[in-house]
Amino acid sequence: MSDTMQTQLACFHCGQDCHGSPIVMAEKTFCCEGCKIVYEILHQHNLCEYYDLNAQPGVNQRMQVRKDKFAFLDDEKVQQHLIRYKDAEQAHVTFYLPQIHCSSCLWLLENLHKLNRGVLRVTVNFSKKEARVIYHPAQTSLREVAEALTSVGYEPYISLNDMQEKKPRIQRKLVYQLGVAGFCFGNIMLLSFPEYFSGSGHTDAAMNNMFRYMNLALSLPVFFYSAQAFYKSAWAGLKHGFLNIDVPIVLAILVTFIRSLTEVAAGQSGYFDSMTGIVFFMLIGRILQEKTYQGLSFDRDYTSYFPIAVSVIKDGKPVPTTLPDIKTNDTLLIHHQELIPADGIISRGEALIDYSFVTGEAAPVTKSVGEIVYAGGRQMGSNIEVLTIKEVAQSYLTSLWNRDELQKKDDRNVSFVHLLSQYFTWVVLLIAVVTAAVWAVKDPSRIWPSVTAILIIACPCALLLASSFTNGHILRILSRHKLYLRNAQSIENLANTTHIVFDKTGTLMGKSGTEVRYFGNTLSPAQEMMISSLAAQSTHPLSNAINNYCGNSSQHPVKDFKEYEGKGISGWIEDQYIRMGSAEFVGIPRSDEHDGSIVYVGFNGAPTGLFTVRNGYRPGIRSMLETIRNHYTLSVLSGDNTREAASLRILMGSSATLRFEQKPADKLDYIIQLQQQGEKVLMIGDGLNDAGALRQSDTGISVAESANNFTPASDGIIEAQQLIMLPAFIRLCKANRHIVIVSFLMSLAYNITGLYFAVQAMLSPLVAAILMPASSISIILLTWSMSEAYGKRLSDKGFQRMPDKNHV
Amino acid sequence: MGVIILLLGASLAVALGFLAAFIWSVKHGQFEDDFSPAHRILFEDRQANKND
């Protein structure tokens, strides 16, 4: 196509391509009216430093926010839920602003007081993407603050979820425990030095004795406070009749502590240094492994998607009402782009509802007055009124969450580390018994020292260290490649996968329409140019796609341009009158033989043809599927109809199961069915329609266009363009197990050395003090270097596998 | 002998001070956001008329 004439112009605000028709102001180009308005506001208020800190820092403003969208913030009840603290002088509120991405954002938001004088202070938490706003309630209102944020491109995301109490996400207690353990460990080491060298006769007996009591005192916080996490986990395991890895570790801690107590009482040194050291290192491993991604949430339910309030029509006027207060037989006013929160019947207006969120069906459906609409659909186009027939909590969508299967994901999967530790524990106990028996014959006084020494030296902490440090590293390497797993167990589940289930729309296929086709009378280049010029006037995604298809050459001035929401656009170019939009709008009978979203075109009132805009498969998906279909059984569950069946069959291979028109409950049942056949299922999906299946599967990974998008509850979040790396990711997760086993074998070597001393009842505190940190540190180094080596292979793979350009 | 006990006490006190500082900093969220404070300090207030 001949669009080489124009150079690409980047929008001064958001950096996106201006598509041929830039708006120019003050020698700066803008891609759309919205971006220009934001610039004007910032310019007026002397806030242009925003553009100096980073080039093109803005977020695209093509989608305009409805004027009175935040009217619900004037509602007393909504305010109560959002405002954390309020008195006559100040009110505190925290907004979630998903647009925050750079230091310019930080600067602008913290200078919000220049825009709205009522704002006293804004503090941004960058990693949580939150802004805490303190404002003067007499000078401004919550709604005005939200509107000020929106006016500069940071629209607060307020959802039903904000009505619930929030729990702190980070386990601060674990960090405190680590701090205490580190403090005690360091000082005990220091105080133990004289003991280590006491053999050479430079020490003072009275002083040594004092040091021992100090060590004892320092070990108490570690024993009673820092090690609590292990006691709890071990006790929980025992209660369920399961010998997990923490049981032998707690046994070792107990034995070491008691033996050390008796030794100090008898005037000997004890093993406080080893005990506190082990707790310290294991806590580091645990924290590393339970690292949380602050900006991400793995536990979203429908409340994160639903608005906090909608307009209910009372006595002819829209009144903002919080969702729990919506009763049946209320009339809801649903605006363009708003989510329908409860099942209902359309009582006024023409609905065009996008159910892709709920069902995966890509094309919006038209509904007229009298038809039922379900919660979770998004209205496109003009306003509609809906008479509710069910309350929010009883709607079809929300009832999905209340299914019993989903209430709790039980611990079906037991880590191989626990199984390994069981064998290990039995072997250690056996050695202890044999040693005891031997000493019982030769010298009964040595039974106690030798047996306790065995339990001290052979505690499986090396195994725990190896696995927690390896898991921590693998999680970090994966997150570098934009796969964010929820926890360490997910690594193992991913490695054990036997069956991979994909969703179609939003997963295999991108969400934005990418494939445009034209059917009808042949278009002349001049006509193509006119269509492009007309489409360029509209910000609708379909218009954008058609504009691109027609060469993006919007050279013609358009006169009398009109946009009819939900119907189409029209305008005059030279002497031609062009209409584009729905069949009724253009005056053409509907065509049933095409799929995807259809845009009809008419010149001068006569039908010319139609464009179909369909979702394309993501680039690179084909070669990814070719790789994995040799190793795994594949399935596709689509909420869509069968029109993609043929091309999907080619993609997925002949052995794959393809199912269409799957409702969310069908998807869930299919996963359960696979699991009953003994398959370990990896489900990859997006949207609420997959939520049940994602929760039920052994590993559920949700695909997001950006990690900060909203994703349903899952075990992991993957960025869409990284999906092609899936085979490499699974390989890395499998490597996880090898690394743990190798590290474990190495620690066995240390253990055997230690046991050599222990069975002879010759384990001196010095030997233990050398062996313990040496083994811990070498295991940490080994797991680190091995996982880095595997991780490096992952990056190389990523570069080799360039996405194939051809869409299927 | 006496001086060692004095030194020990002093060193423990210093270490306890650091432990307290660590716990205080965790409690006040110093490890929660490692981006904003680092960048905030680089912004200059050009108008220099605002007092928070």
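Note that the structure is predicted; figures quoted are calculated from it, not measured.

### Some points on the overall build of chain A
Here is step 1: Helix and strand counts for chain A come out as 26 helices and 28 strands.
Here is step 2: Burial analysis of chain A (808 residues in total) assigns 44% to the buried set.
Here is step 3: The contacts of chain A with a sequence gap of at least 6 include a subset with a gap of at least 24, amounting to 66%.

### Quick word on the overall build of chain B
Here is step 1: Regarding its fold elements, chain B presents two helices and zero strands.
Here is step 2: Counting every position in chain B, which comprises 52 residues, the buried fraction comes to 0%.

### Focus: the interface of chain B and chain A
Here is step 1: At the interface, 17 residues of chain B touch 17 residues of chain A.
Here is step 2: Counting only elements with at least two residues in the side of chain B that touches chain A, the list comes to helix 1 (2–27) and helix 2 (36–40) of chain B.
Here is step 3: Element by element, the count of residues in the side of chain B that touches chain A is highest for helix 1 of chain B, at seven residues.
Here is step 4: Across the side of chain B that touches chain A, the residue classes tally to 10 nonpolar, two polar and five charged.

### Describing the sheet that holds strand 9 (residues 331–334) of chain A
All names here are of chain A.
Here is step 1: Taken together, the six strands give an open sheet; going across it, the order is 8-7-9-15-10-13, and neighbouring strands pair in antiparallel fashion. Among the strands making up the open sheet, the edge pair consists of strand 8 (317–322) and strand 13 (372–373).
Here is step 2: Alignment of strand 7 (residues 309–314) against strand 9, held across two bridges, turns out to be antiparallel. Residue pairing across strands places V312 opposite L332, the latter belonging to strand 9.

### Some points on the environment of T322(A)
Residue and element names in this part refer to chain A.
Here is step 1: Mapping T322 onto the fold places it in strand 8.
Here is step 2: With 20 C-beta atoms counted inside 10 Å, the residue T322 sits in the buried group.
Here is step 3: Taking the C-alpha atoms as reference, T322 lies 5.8 Å from I308; in sequence the two are 14 residues apart.
Here is step 4: For T322, the contacting residues outside a window of four places in its chain are K77, V78, I308 and A309.

### A short note on unusual backbone geometry
Residues and elements named next belong to chain A.
Here is step 1: Despite not being glycine, Q56 has its phi angle at roughly 50°, a positive value.
Here is step 2: For Q56, a count of 14 C-beta atoms within 10 Å corresponds to the partly exposed category.
Here is step 3: Positive phi outside glycine occurs at K482, with the angle close to 70°.
Here is step 4: Relative to the helices and strands, K482 is located in the loop between helix 16 (461–480) and strand 16 (483–485).

### A few points about the nonpolar core
All names here are of chain A.
Here is step 1: With 179 residues, the main nonpolar core has V279 and I454 as its most contacted residues.
Here is step 2: For this core, the element with the most residues is helix 25 (residues 726–759), which contributes 13 residues.
Here is step 3: Excluding its chain neighbours within four sequence positions, the residues that come into contact with V279 are A181, V222, S226, A227 and I253.
Here is step 4: Ranked by size, the runner-up nonpolar core spans 24 residues in total, among them A535, A536, I598 and F611.

### Some words on the packing of helix 17 (residues 488–495) of chain A against helix 25 of chain A
Residues and elements named next belong to chain A.
Here is step 1: Between helix 17 and helix 25, whose axes approach to 8 Å, the crossing angle comes to 110°. When the axis of helix 17 is compared with that of helix 25, the two are roughly perpendicular. Taken together, the residues of helix 25 that come into contact with helix 17 (itself represented by I491, L494 and A495) are I730, C733, K734, N736 and R737.
Here is step 2: Looking at side-chain class alone, the contact of helix 17 with helix 25 contains five nonpolar, one polar and two charged residues.

### Considering helix 18 (residues 525–536) of chain A
Here is step 1: Look at helix 18 of chain A: 16 Å from first C-alpha to last across 12 residues, which is about the 16 Å you get at 1.5 Å a residue.
Here is step 2: Among all positions in helix 18 of chain A, only M529(A), M530(A), I531(A), S532(A), S533(A), L534(A), A535(A) and A536(A) are buried.

### Some remarks on helix 9 (residues 246–265) of chain A
All names here are of chain A.
Here is step 1: Taking 1.5 Å as the rise per residue, helix 9 with 20 residues should run 28 Å; its terminal C-alpha atoms sit 28 Å apart, in good agreement.
Here is step 2: Taken residue by residue, helix 9 has D246, V247, P248, I249, V250, A252, I253, T256, F257, R259 and S260 as its buried positions.
Here is step 3: Those residues of helix 9 hidden inside the fold are in contact with helix 7 (205–226), helix 8 (228–239), helix 10 (272–289), helix 14 (416–442), helix 15 (447–457) and helix 16.
Here is step 4: Trailing helix 9 by a residue or two, G267 shows a phi angle of about 80°, which is positive.

### Observations regarding the environment of Q337(A)
All names here are of chain A.
Here is step 1: In this structure, Q337 sits in the loop between strand 9 and strand 10 (344–348).
Here is step 2: Classification of Q337 as partly exposed rests on a count of 15 C-beta atoms within 10 Å.
Here is step 3: Separated by 17 residues in the primary sequence, Q337 and D354 have C-alpha atoms spaced 9.2 Å apart.
Here is step 4: Ignoring any residue separated from it by four or fewer positions in sequence, one finds Q337 in contact with R378 and M380.

### Points about the sheet that holds strand 14 (residues 378–380) of chain A
All names here are of chain A.
Here is step 1: If you walk across this open sheet you meet the three strands as 12-11-14, and the pairing is antiparallel. Only two strands of the sheet have a single neighbouring strand rather than two, namely strand 12 (365–367) and strand 14. Neighbour-to-neighbour, the strand axes of the sheet open up by a mean angle of 40°, direction not taken into account.

### Re the pairing of strand 5 (residues 119–125) of chain A
All names here are of chain A.
Here is step 1: Pairing analysis gives six bridges linking strand 5 to strand 6 (residues 130–135), with the strands arranged antiparallel. Note on strand 6: the bridge partner recorded for V122 is V133.
Here is step 2: Taking the residues that link successive antiparallel strands as the turn, the strand 5-strand 6 hairpin has four residues, and the phi of K129 there is positive, at about 55°.

### A look at the pairing of strand 27 (residues 699–704) of chain A
Residues and elements named next belong to chain A.
Here is step 1: The element strand 27 is extensively covered by neighbouring structure, given that six of its six residues are classed as buried.
Here is step 2: Here strand 27 shows two buried faces, one formed by T699, I701 and V703 and the other by G700, S702 and A704.
Here is step 3: With four bridges joining them, strand 26 (residues 681–685) and strand 27 adopt parallel strand pairing. Considered in strand 27, the bridge of G685 is made with S702.
Here is step 4: Note that the unit made of strand 26, helix 24 (residues 691–696) and strand 27 has a crossover that is right-handed.

### Here's the deal with the confidence of the model for chain A
Residues and elements named next belong to chain A.
Here is step 1: Summary statistics for chain A give a mean pLDDT of 80 and a share of 87% for residues scoring 70 or more.
Here is step 2: This stretch, residues 1–6, has a pLDDT under 50; its non-local contacts, to residues over four places away or in other chains, come to six contacts.
Here is step 3: Low confidence marks residues 798–808, where pLDDT is under 50. Its contacts with residues over four positions away, or in another chain, come to 20 contacts.

### A word on the confidence of the model for chain B
Residues and elements named next belong to chain B.
Here is step 1: Taken over all residues, the pLDDT of chain B has a mean of 80, while the share at 70 or more is 83%.
Here is step 2: Across residues 48–52, where pLDDT falls below 50, the model places two contacts with residues more than four positions away in sequence or in other chains.
Here is step 3: Under the prediction, the complex receives an ipTM of 0.85, its pTM being 0.76.

Each value, and the rule that gives it
Here the residue numbering is sequential within each chain, running from 1 through the sequence in written order. Just so you know, chain letters begin at A and ligand numbers begin at 1, following the order they were written in. Since the coordinates come from a predicted model, pLDDT governs what is reported: local features require at least 70, and pairs of side-chain atoms require 80 or more to be given and counted, while whole-chain, interface and lining totals use all residues. The helix count covers DSSP runs of H or I at least four residues long, the strand count covers runs of E at least two residues long, and both are numbered beginning at the N terminus. Buried residues are those with 20 or more other C-beta atoms within 10 Å of their own C-beta, exposed residues have 12 or fewer, and partly exposed residues lie in between; C-beta atoms are placed from the backbone. Once C-beta atoms are placed from the backbone, any two residues with those atoms within 7 Å are in contact. Each residue is assigned to one class: nonpolar for Ala, Val, Leu, Ile, Met, Phe, Trp, Tyr, Cys and Pro, charged for Asp, Glu, Lys and Arg, and polar for all the others, Gly among them. At least two DSSP bridges between two strands are needed for those strands to be called paired. In plain words, the nonpolar core is the set of buried Ala, Val, Leu, Ile, Met, Phe, Trp, Tyr and Cys residues that C-beta atoms within 7 Å link up. Only the contacting stretch of a helix is used when fitting its axis, a line to C-alpha atoms as for every element, and angles between N-to-C directions run 0 to 180 degrees. Roughly parallel covers angles under 35 degrees, roughly antiparallel covers those over 145, roughly perpendicular covers 65 to 115, and oblique covers all other angles. Given the number of residues in a helix, its expected span is that number minus one, multiplied by 1.5 Å. Look down the strands so they point away from you; if going from the first strand over the helix to the second traces a clockwise path, that crossover is right-handed. The predictor's confidence in any single residue is recorded as pLDDT, a number from 0 to 100.

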